[in-house]
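Chain residues, written in single-letter form:
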4 protein chains.
Amino acid sequence: MTTQNSAEAEDTFAKYESQVRSYCRNWPAMFDTAKGSWITDVDGNRYLDFFAGAGALNYGHNNPKFKEALIDYISRDGITHGLDMNTVAKSEFLEAFATKILAPRDLDYVVQFPGPTGTNAVESALKLARKVTGREAIVNFTNAFHGMTLGSLSVTGNAMKRAGAGIPLVHSTPMPFDNYMGGAHEDFSWFERVLNDEGSGLNHPAAVIVETVQGEGGVNVARAEWLQGLAELCKRQDMLLIVDDVQMGCGRTGDFFSFEESGITPDIVTLSKSIGGYGLPMALTLFRRELDVWEPGEHNGTFRGNNPSFVTAKAAIDNYWSDGSFAEETKRKGQRIADRFEELCQRNEGIKRRGRGMIQGLAFDDPEKAGKACAKAFDNGMLAETSGPSDEVIKLLPPLTLSDDELDQGMDILTASVEEVLR
Amino acid sequence: MTTQNSAEAEDTFAKYESQVRSYCRNWPAMFDTAKGSWITDVDGNRYLDFFAGAGALNYGHNNPKFKEALIDYISRDGITHGLDMNTVAKSEFLEAFATKILAPRDLDYVVQFPGPTGTNAVESALKLARKVTGREAIVNFTNAFHGMTLGSLSVTGNAMKRAGAGIPLVHSTPMPFDNYMGGAHEDFSWFERVLNDEGSGLNHPAAVIVETVQGEGGVNVARAEWLQGLAELCKRQDMLLIVDDVQMGCGRTGDFFSFEESGITPDIVTLSKSIGGYGLPMALTLFRRELDVWEPGEHNGTFRGNNPSFVTAKAAIDNYWSDGSFAEETKRKGQRIADRFEELCQRNEGIKRRGRGMIQGLAFDDPEKAGKACAKAFDNGMLAETSGPSDEVIKLLPPLTLSDDELDQGMDILTASVEEVLR
Amino acid sequence: MTTQNSAEAEDTFAKYESQVRSYCRNWPAMFDTAKGSWITDVDGNRYLDFFAGAGALNYGHNNPKFKEALIDYISRDGITHGLDMNTVAKSEFLEAFATKILAPRDLDYVVQFPGPTGTNAVESALKLARKVTGREAIVNFTNAFHGMTLGSLSVTGNAMKRAGAGIPLVHSTPMPFDNYMGGAHEDFSWFERVLNDEGSGLNHPAAVIVETVQGEGGVNVARAEWLQGLAELCKRQDMLLIVDDVQMGCGRTGDFFSFEESGITPDIVTLSKSIGGYGLPMALTLFRRELDVWEPGEHNGTFRGNNPSFVTAKAAIDNYWSDGSFAEETKRKGQRIADRFEELCQRNEGIKRRGRGMIQGLAFDDPEKAGKACAKAFDNGMLAETSGPSDEVIKLLPPLTLSDDELDQGMDILTASVEEVLR
Amino acid sequence: MTTQNSAEAEDTFAKYESQVRSYCRNWPAMFDTAKGSWITDVDGNRYLDFFAGAGALNYGHNNPKFKEALIDYISRDGITHGLDMNTVAKSEFLEAFATKILAPRDLDYVVQFPGPTGTNAVESALKLARKVTGREAIVNFTNAFHGMTLGSLSVTGNAMKRAGAGIPLVHSTPMPFDNYMGGAHEDFSWFERVLNDEGSGLNHPAAVIVETVQGEGGVNVARAEWLQGLAELCKRQDMLLIVDDVQMGCGRTGDFFSFEESGITPDIVTLSKSIGGYGLPMALTLFRRELDVWEPGEHNGTFRGNNPSFVTAKAAIDNYWSDGSFAEETKRKGQRIADRFEELCQRNEGIKRRGRGMIQGLAFDDPEKAGKACAKAFDNGMLAETSGPSDEVIKLLPPLTLSDDELDQGMDILTASVEEVLR
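Please read these numbers as outputs of a predicted model, since none were measured by experiment. (Residues numbered from 1 in each chain as written. Chains lettered and ligands numbered in written order. Predicted model: local features only at pLDDT ≥ 70, side-chain atom pairs only at ≥ 80, totals over all residues. Heavy atoms only, no water.)

## As for the overall build of chain A
Selection rule: Secondary structure follows DSSP: runs of H or I at least 4 residues long count as helices, runs of E at least 2 residues long count as strands, and numbering of each begins at the N terminus. Here the globule rule reads 2.2 Å times residues to the power 0.38, and the radius of gyration is calculated from C-alpha atoms. Note on exposure labels: buried denotes an accessible area under 20% of the residue type's maximum, exposed denotes more than 50%, and partly exposed covers the range between, all computed with a 1.4 Å probe on protein chains only. Contacts: residue pairs with any heavy atoms within 4.5 Å of one another. In this description, accessible areas are obtained by the Shrake-Rupley approach with a 1.4 Å probe, and a residue is regarded as covered only by the protein chains that are shown. In this count, Lys and Arg are taken as positive residues and Asp and Glu as negative ones, while His and the chain termini are left out. Positions of charges follow a simple convention, taking NZ of Lys, CZ of Arg, CG of Asp or CD of Glu.
Scanning chain A from N- to C-terminus turns up 14 helices and 17 strands. Taking 2.2 N^0.38 as the reference for a compact globule, 423 residues should give roughly 22 Å; the C-alpha atoms of chain A span a radius of gyration of 21 Å, in line with that estimate. Dimensions along the principal axes, computed over C-alpha positions, put chain A at roughly 60 × 55 × 45 Å. Out of the 423 residues belonging to chain A, those deemed buried represent 70%. Contacts in chain A between residues at least 24 apart in sequence constitute 73% of all its contacts with a sequence separation of at least 6. Total accessible area on chain A is roughly 12700 Å²; 44% of this is exposed by carbon and sulfur atoms. Both charge centroids of chain A, one from 42 positive and one from 61 negative side chains, sit 1 Å from each other.

## Describing the interface of chain D and chain C
This is how the line gets drawn: In short, buried area is how much 1.4 Å probe accessible area vanishes from two parts on joining, totalled over both. By definition here, a salt bridge exists when the distance from a side-chain nitrogen of Lys or Arg to a carboxyl oxygen of Asp or Glu is within 4 Å. Whenever a nitrogen or oxygen atom comes within 3.5 Å of another N or O atom, the pair is scored as a polar contact, on the condition that within protein one atom can donate a hydrogen and the other can accept it, and that pairs from neighbouring residues in sequence are kept only if both atoms are in side chains.
Contact residues are listed per partner, giving 110 residues for chain D and 110 residues for chain C. When chain D packs against chain C, close to 9600 Å² is buried across both sides, 61% of that on carbon and sulfur atoms. Its largest share of buried area at the contact with chain C, chain D owes to Tyr16(D), Asn86(D) and Phe303(D), together 8% of the area lost on that side. Linking chain D to chain C there are 8 salt bridges. Residue Asp77(D) is joined to Lys35(C) by a salt bridge in which the shortest nitrogen-to-oxygen separation is 3.8 Å. For the pair chain D and chain C, the number of links is 46 residue pairs in polar contact (both at pLDDT 80 or more). With 8 residues, helix H5 (residues 88-102) of chain D is the largest single contributor of residues to the side of chain D that touches chain C.

## Here's the deal with the packing of helix H12 (residues 325-347) of chain C against helix H14 (residues 404-422) of chain C
A pair of packed helices can be characterised by two numbers: the angle between their axes and the separation between those axes. All names here are of chain C. Put simply, the test is: To obtain each axis, a line is fitted to C-alpha atoms, and for helices this fit is confined to the stretch in contact; angles are then taken between N-to-C directions over 0 to 180 degrees. These descriptions rest on fixed angle ranges, namely under 35 degrees for roughly parallel, over 145 for roughly antiparallel, 65 to 115 for roughly perpendicular, and the rest for oblique. Here is the rule for handedness: rotate from the far helix to the near one, and if that takes an anticlockwise turn smaller than a right angle the crossing is left-handed, while a clockwise turn gives right-handed. Residue polarity is assigned by list, with Asp, Glu, Lys and Arg as charged and Ala, Val, Leu, Ile, Met, Phe, Trp, Tyr, Cys and Pro as nonpolar; anything else, Gly included, falls into the polar class.
Viewed as axis vectors pointing N to C, H12 and H14 meet at an angle of 20°, and their least axial separation amounts to 11 Å. Taken together, the axes of H12 and H14 are roughly parallel relative to one another. Considering only the axes of H12 and H14, their crossing is right-handed. Only Asp 404, Leu 407, Asp 408, Met 411, Asp 412, Leu 414, Thr 415, Val 418 and Glu 419 of H14 make contact with H12, whose side of the interface consists of Arg 332, Lys 333, Arg 336, Ile 337, Arg 340, Phe 341, Leu 344 and Arg 347. Residue composition of the contact of H12 with H14, by class: 7 nonpolar, 1 polar and 9 charged.

## Examining the sheet that holds strand E11 (residues 268-271) of chain C
Strand pairing in a sheet relies on backbone hydrogen bonds. The paired strands run either parallel or antiparallel. Residue and element names in this part refer to chain C. Our working rule: Strand pairing is assigned whenever DSSP identifies at least 2 bridges connecting the two strands.
Within the open sheet, the 7 strands sit side by side as E4-E12-E11-E10-E7-E5-E6. Their pairing is mixed. Since the sheet does not close on itself, it has two edges, and those belong to strand E4 (109-112) and strand E6 (172-175), each with one partner. Going across the sheet, the axis of each strand differs from the next one's by a mean of 25°, ignoring polarity. In this sheet, strand E12 (residues 284-288) lies alongside E11 in antiparallel orientation, the contact comprising 4 bridges. In the sheet register, Thr 270 faces E12, and the bridge partner there is Thr 285.

## Some details on the packing of helix H13 (residues 367-379) of chain C against H14(C)
All names here are of chain C. Their axes nearest at 8 Å, the elements H13 and H14 cross at an angle of 130°. Taken together, the axis directions place H13 and H14 in an arrangement best described as oblique. Seen along the crossing, H13 lies across H14 with a hand that is right-handed. Contact residues: Lys 369, Lys 372, Ala 373, Lys 376 and Ala 377 in H13; Ile 413, Leu 414, Ser 417, Val 418, Glu 420, Val 421 and Leu 422 in H14. In terms of residue class, the contact of H13 with H14 is made up of 7 nonpolar, 1 polar and 4 charged.

## Some words on helix H9 (residues 189-196) of chain B
The buried fraction of H9(B) amounts to 6 of the 8 residues, a majority that puts the element mostly inside the structure. Of the surrounding secondary structure, the elements contacted by the buried residues of H9(B) are strand E5 (138-141), strand E6 (172-175), strand E7 (207-210) and helix H10 (224-236) of chain B together with strand E6 (172-175) and helix H9 (189-196) of chain D.

## A closer look at the environment of Gly151(C)
With respect to the helices, strands and loops of the structure, Gly151(C) is situated in helix H7 (residues 150-154). You can call Gly151(C) buried: its relative accessible area is 2%. Spatially, the C-alpha atoms of Gly151(C) and Asn26(C) are 29 Å apart, while their sequence positions differ by 125 residues. In contact with Gly151(C), not counting residues within four places along its chain, are Glu123(C), Leu126(C) and Leu150(D).

## Description of the environment of Gly199(D)
In this structure, Gly199(D) sits in the loop between H9 and strand E7 (207-210). If we skip the residues at most four places from it in the chain, Gly199(D) touches Thr142(B), Asn143(B), Ala144(B), Gly157(B), Asn158(B) and Pro389(B).

## Digging into the state of the cysteines
Residue and element names in this part refer to chain B. The criterion, for reference: Cysteine sulfur atoms are paired as a disulfide whenever they fall within 2.5 Å.
Tallied over the entire structure, the rule returns 0 disulfides over all chains. Cysteine Cys 345 is unpaired, with the sulfur of Cys 374 as its nearest cysteine sulfur at 14 Å. Residue Cys 345 is classed as buried on the basis of its relative accessible area, which comes to 16%.

## Observations concerning the sheet that holds strand E15 (residues 382-383) of chain C
All names here are of chain C. With mixed pairing, the 4 strands of this open sheet are ordered in space as E1-E2-E3-E15. The open sheet is flanked by strand E1 (31-35) and E15, the only strands paired with a single partner. Note: strand E2 (residues 38-41) against strand E3 (residues 46-49), 3 bridges, orientation antiparallel. Residue pairing in the sheet places Ile 39 in a bridge with Tyr 47 of E3.

## Here's the deal with the relation of the copies chain B and chain A
Taken together, a rotation about one axis and a shift along it account for how the two chain copies relate. Cut-off, in case you're wondering: The fit set for superposing copies consists of C-alpha atoms from residues with pLDDT of at least 70 in both; the fit itself is least squares.
Laying chain B over chain A is done by rotating through 180° and shifting 0.0 Å along the axis; what remains is an RMSD of 0.0 Å. The superposition of one copy onto the other is thereby described by a two-fold rotation axis. Proximity to the rotation axis, assessed at the C-alpha, singles out Leu150(B) in chain B; its C-alpha lies 2.7 Å from the axis. Interface overlap between copies is the fraction of interface residues in one copy that are interface residues in the other; for chain B against chain A it reaches 100%, indicating a shared surface.

## Quick look at the packing of aromatic side chains
The line we're drawing: For this analysis, a ring pair means two rings from Phe, Tyr or Trp (six-membered ring only for Trp) whose centres lie within 6.5 Å, classed as stacked if their planes differ by under 30 degrees, edge-to-face if by over 60, and tilted for the remaining angles.
Using the criterion set out here, one finds 96 aromatic pairs over all chains in the structure. On the basis of an interplanar angle of 90° and a centroid distance of 5.9 Å, the ring pair of Phe66(A) and Tyr320(A) is categorised as edge-to-face. Separated by 254 residues along the polypeptide, Phe66(A) in helix H4 (residues 64-75) and Tyr320(A) in helix H11 (residues 307-320) bring together distant segments of the chain. On the accessibility criterion, Phe66(A) (0% relative accessible area) is buried. Taking relative accessible area as the criterion, Tyr320(A) reaches 10% and is therefore assigned buried. Each ring, one from Trp321(B) and one from Phe326(B), has its centre 5.4 Å from the other, and the planes form 90°; the classification is edge-to-face. Neither residue differs from the other here; Trp321(B) and Phe326(B) are each classed as buried.

## Details of the interface of chain B and chain A
Facing the 110 residues of chain B at the interface are 110 residues of chain A. In total, about 9600 Å² of surface goes out of reach between chain B and chain A, with carbon and sulfur atoms giving 61% of it. Among the residues chain B hides against chain A, the three largest losses belong to Tyr16(B), Asn86(B) and Phe303(B). Together they make up 8% of the total. Summed over the shared surface of chain B and chain A, the number is 8 salt bridges. One salt bridge in this structure joins Arg76(B) and Asp32(A), with 2.9 Å as the shortest N-O distance. Broken down by element, the residue count for the side of chain B that touches chain A peaks at 8 residues, all from helix H5 (residues 88-102) of chain B.

## Here's the deal with the pairing of strand E13 (residues 351-356) of chain B
Residue and element names in this part refer to chain B. Where E13 meets strand E14 (residues 359-364), 6 bridges bridge the pair, whose relative direction is antiparallel. From the neighbouring strand, Arg 354 faces E14, where its bridge partner is Gly 361. Connecting E13 to the antiparallel partner E14 that follows it, the hairpin turn spans 2 residues, and Gly 357 within it adopts a positive phi of roughly 60°.

The structure is reproduced here in structure tokens:
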């Protein structure tokens with residue numbers, strides 16, 4: 001292994017890596033190993049990880065339940081790279097996904113492997129929606145985050161990231177996310193008004209793309225009734241409904257899909273991050289069978305067949321989604337975090353809780369304090385990041401698999417850090 | 001393992017997977033394991049792989065030299081998913097890449113991890129070029145292939161794939177690739193004429209994006225002098241030169257970078273496919289240090305830190321790029337394939353050889369015959385695919401590590417298949 | 001003269017003219033001469049014109065006060081076509097406009113002659129706003145109408161007209177016009193919210209373009225306080241404010257500029273339609289002196305110097321705008337029409353009045369009845385058209401110069417027609 | 001009249017008018033009256049006009065043959081402003097145009113009145129071509145000029161004018177105009193190659209827009225065989241052919257339409273500038289009857305019915321196009337100018353003649369000298385302008401009606417000015 005300590009490591013990266021790097025600036029350590037809810041640096045420091053790969057590690061780091069399957073697969077020379085050839089690993093994943101995830105939820109979706117990242121899934125979803133409808137316009141929501149390639153970026157809200165495109169981002173129009181106007185407007189009053197008005201100037205959308213909980217946008221939770229209203233609006237107005245479940249899917253909010261609670265059935269769903277189980281790149285685009293108008297090869301990509309991911313993805317399904325207990329546990333733990341946050345809010349001014357399941361946020365009236373609290377938490381051995389348009393929200397995405405002890409330990413560190421900052 | 005045979009497998013995929021799948025249609029087998037130049041299906045059939053993950057498997061399937069490092073890393077719970085945090089695996093990869101690849105070639109590039117696929121690298125390259133220059137337009141070349149997300153797709157030539165965008169693809173103008181007009185035009189005569197003419201109507205480009213050999217476009221090889229002319233043109237006309245080395249880099253043409261032979265130094269280089277060594281998703285965007293104008297986090301993505309890839313990527317550099325012998329061997333073997341193709345062309349009408357190093361193509365006057373020959377080769381235990389606007393070229397991308405025996409065996413199968421078809 | 005009667009004329013046009021023609025379909029007569037408020041067909045029928053060239057004939061048809069000046073100018077061979085050369089007619093117009101219109105209103109605008117139609121003026125306004133700010137996005141309002149060339153069309157609301165573009169119309173985002181939500185939202189609550197939110201996804205606009213009264217949009221009147229709020233919002237948010245006064249300027253609402261009443265000073269103003277006085281093509285783009293960043297010739301056009309228009313435009317200023325009496329009279333007559341409409345509304349259900357000054361509308365709950373009433377009015381010797389997204393509003397634009405008798409006569413015809421339809 | 005002299009006039013304009021004004025900078029006089037080939041300033045200076053409203057005054061200034069008709073029409077209160085209502089003036093124009101222009105040339109076009117300027121006509125042509133084909137892309141030619149509104153500007157070549165758009169101009173791709181590569185390439189070799197190649201990356205065009213002689217582009221003349229080749233290419237490749245005859249139509253090259261000589265029949269033709277006869281704003285879009293897919297009102301505009309123009313337009317047809325003599329005379333005089341230019345070129349180095357009919361250009365190796373020669377000509381009582389991407393071409397557009405004496409007098413002034421500059 002390397003002989004560099006964390007301080008020396010920073011020099012290495014400063015020398016060779018682009019200025020675009022960011023997380024490493026907040027957490028100036030040289031990380032080496034990780035297991036479950038913990039990550040360890042070269043200096044031997046251990047950190048409790050309430051960030052979990054921004055939602056890519058719902059089952060914790062290097063989950064021992066999948067690790068053996070992964071090592072076995074590699075050891076026996078299972079195909080690593082398979083493009084979209086038929087492989088055993090892919091077939092087994094598909095079977096598990098179809099029978100244990102889709103069928104019990106009565107979802108008649110076909111599965112596309114669009115490339116192994118969330119933005120690949122979003123791009124394919126937008127392309128498909130446009131191809132199906134023959135329209136170009138997409139409606140997205142305020143504070144949405146969908147990815148960094150041009151199609152996804154055009155439906156993403158963040159102004160700094162949009163500016164990175166270097167071309168005007170068009171074909172998208174933002175509409176207010178749930179509660180964006182603080183209850184001052186009736187849901188969809190503006191959106192439906194312009195859709196119904198032949199003179200509004202809104203290009204009729206091919207699709208609406210929405211996150212049920214906006215993680216990057218600041219842990220903004222859409223209510224079930226708002227999502228139901230949106231689904232009905234889409235049906236009435238002949239627009240496809242795309243749920244981007246890249247961050248909130250795979251059990252983050254409790255159920256496998258974050259939209260289950262609301263009872264809606266999106267036309268298209270994107271999954272990535274934790275779908276691979278072990279933190280390996282993988283993504284899926286799901287859509288109603290009648291929307292499958294793709295030509296063979298019309299959307300492709302080299303790493304669509306990252307077979308080791310299929311192995312751990314199947315293991316994740318088998319281990320965690322054969323019954324409803326995992327979802328129950330997630331909801332219970334989410335509530336436990338929420339309760340801790342609520343207590344904290346009652347004791348202190350200037351903060352507010354947001355969240356659903358194991359995505360929980362603490363919004364600060366003073367944005368700077370959110371960052372300071374996270375920095376303090378890091379000093380005390382914990383990873384947590386901020387989000388929101390002004391980075392004003394501490395966003396917790398702990399592994400769904402963390403123990404109650406770990407949960408309490410993390411919340412102790414964090415609440416102490418917050419109170420120190422607020423004092 | 002599964003009990004499905006290849007025929008049953010097809011049913012599974014037909015039932016659950018989108019119509020967009022394509023390779024599996026040409027090679028109707030259920031693949032399971034792979035090693036070196038060989039891939040094996042569940043029925044026990046072995047196939048000699050002259051396709052090699054479309055260039056993602058330059059070091060062969062599951063290269064035993066990296067396999068142990070990978071298993072060790074996983075076994076010791078090395079961090080799997082690290083976003084852009086500083087990790088030991090990343091640091092070691094960067095050191096190896098900087099000292100063994102960049103420094104000896106006198107390339108003062110900084111490294112961006114743009115997300116783990118080629119199209120992520122291309123999107124980031126285009127964004128950076130636009131940000132640096134403040135211009136929007138990009139010049140691409142006829143028959144270019146750069147990826148399927150909107151930014152990359154807009155500089156890709158294939159009409160069917162472009163139509164998949166569902167919106168008009170703009171901001172790009174195609175220029176003739178080397179020899180596109182069959183020698184009827186002087187190189188760059190049209191391109192430079194419109195650049196010099198204030199009245200031409202061409203939006204002055206931020207950048208030119210080029211492949212040194214167009215793989216998907218039909219194994220079109222740009223001559224060194226053409227690339228030199230292009231580099232000089234870019235300098236004269238204040239345009240950034242982006243070499244997309246996703247498929248042709250990592251030694252495919254012999255040298256690590258495909259542009260080395262021509263002596264040019266691109267402003268921006270994209271790498272993916274074989275950079276990870278083992279077929280795991282990974283990509284890099286390299287650019288001159290002065291172009292590093294990114295804001296922290298201005299381009300991001302969940303799977304930028306696929307650390308197992310960094311381990312095998314480093315192993316690949318250590319094992320194959322510590323001296324020049326691997327490049328020499330690749331050139332030698334490439335010549336051996338070329339010689340076999342030239343003999344074949346002399347014996348038969350209606351075919352022509354194209355290629356450089358270990359990317360070799362056989363162009364058919366009658367496009368249908370190319371596909372038929374590949375189908376026959378598959379029946380005889382060999383994977384090879386077609387490319388080109390009408391799928392008229394058999395494109396060989398064998399592992400660079402294949403043995404001379406394997407090479408001869410593959411060429412025997414292929415030439416027999418071709419001659420059977422041409423007869 | 002022709003020997004065709006109105007019926008024969010229709011055949012001529014059906015034979016030679018494109019299907020795109022429209023007004024002639026509602027008013028199937030062959031018109032020949034016109035004077036003041038009256039227009040006469042070849043069959044000798046006279047029609048009271050409450051349409052007045054869609055606002056291009058504020059001073060009536062062939063106003064005798066300008067007619068002599070026009071004939072004199074033509075007779076003495078004054079330059080007809082002058083591009084943007086300095087001419088006596090242009091100089092005299094400019095002096096009159098600067099001293100009698102701009103100076104008394106304390107407007108330090110420079111004058112651009114952008115081509116002789118409203119859409120030319122709008123296109124130049126949008127180009128200038130983008131050039132000044134370096135931004136591309138424009139905010140327009142629901143039910144806006146700004147013209148049929150691509151730039152203007154992209155900020156126009158009507159879906160049928162937008163579809164005519166044949167390309168996706170982008171770079172514009174509609175915001176709610178005054179009272180669009182029926183008072184349910186606070187003014188600008190949504191607009192300012194997304195401007196203030198770095199994560200909203202709205203591209204920060206170069207400019208906002210607005211009509212003070214939307215004529216084509218259905219006679220939607222913006223309140224003075226709404227316009228003031230908009231002007232302040234533009235200042236706070238660093239957006240240029242463009243008032244498109246093509247239809248509502250030149251005294252239509254009373255004052256010369258329709259925005260005078262609200263006390264705001266737009267950054268850019270467009271004028272056309274009645275600016276030429278006699279119904280001859282002419283248009284102006286006015287803007288604050290500091291915004292004059294045009295290069296010489298950067299926007300041009302063949303008919304910018306339609307000198308006969310300058311002669312009648314000057315005559316109009318001299319005759320009608322040397323003091324405030326014309327504005328007073330317009331307001332008085334506007335009120336007289338409004339009163340008649342209010343009485344009508346009190347007597348009947350299903351209609352509502354809208355309007356300001358001499359732009360007055362009658363909105364029908366049942367859109368079909370608006371068209372039927374206009375058809376009846378035509379049968380009874382009167383021209384009036386409908387507007388609004390569903391053509392549900394009778395829009396009156398009588399000449400500002402009509403007499404009280406003509407006014408009453410017109411209102412008698414119209415109210416009878418309306419009541420007949422409503423019965 | 002004014003008491004200003006030309007010098008004082010400049011102050012007036014500097015004070016009130018935008019910097020965008022341009023012609024007045026080259027010709028610093030205050031013009032007042034004009035007749036035939038002559039224009040007179042307030043100081044009594046007379047100038048021989050070889051510019052003729054940039055082609056809007058083919059019949060000379062204030063042609064006495066139309067003047068009376070115009071004054072009569074105004075005097076008898078003929079309708080001035082008629083939108084697209086049926087009027088006697090319009091009907092008579094249509095009859096004359098259909099029977100004397102279209103029918104004898106066997107052109108089964110319908111007529112659209114798209115608004116009174118060239119750019120209105122071009123915008124409507126592009127919209128129609130896109131609507132008919134369902135495609136967005138347009139091919140234009142190097143050094144094209146089609147107008148300043150966004151649609152027309154996107155197919156215009158000049159970089160300075162394009163920059164004025166303030167948004168990236170897209171959906172258009174320039175192809176080489178006739179002789180653009182100096183004979184080095186075969187006609188259409190590049191254009192047809194990319195059309196035939198499914199991998200070229202060119203979006204298949206809805207239409208090709210072309211000028212038969214590029215006036216603003218530097219008097220570039222397309223040969224008849226090139227135009228024929230283009231027409232055939234359009235047919236083969238299912239693209240509509242739009243001839244923009246705004247500047248070269250109405251007899252400028254001899255025949256009424258500039259494309260008659262080549263024998264092609266465009267799908268769509270635009271006319272403006274001289275179509276009104278007297279220099280009054282007017283424009284037409286002509287297209288094959290089967291392309292008339294417009295909805296009523298889908299493209300509209302306030303000044304489509306500028307009836308005084310219809311009166312003089314009809315008079316122009318009656319007076320000049322009842323037989324072929326006017327075309328003959330134009331060709332003869334054009335040849336006379338060409339001969340004078342050829343002599344001049346033989347006597348001097350550094351200049352070359354270009355042109356067809358009464359559009360004749362003199363291209364200078366040293367662009368500055370072209371402007372200097374025009375300035376000298378102005379000092380000697382003559383108006384002539386430069387064109388071309390570097391303003392390197394003196395472009396002569398004399399009235400077609402000028403006498404041989406005037407022609408000789410003008411050529412004497414000009415050749416002397418040129419020789420003085422070249423000396």
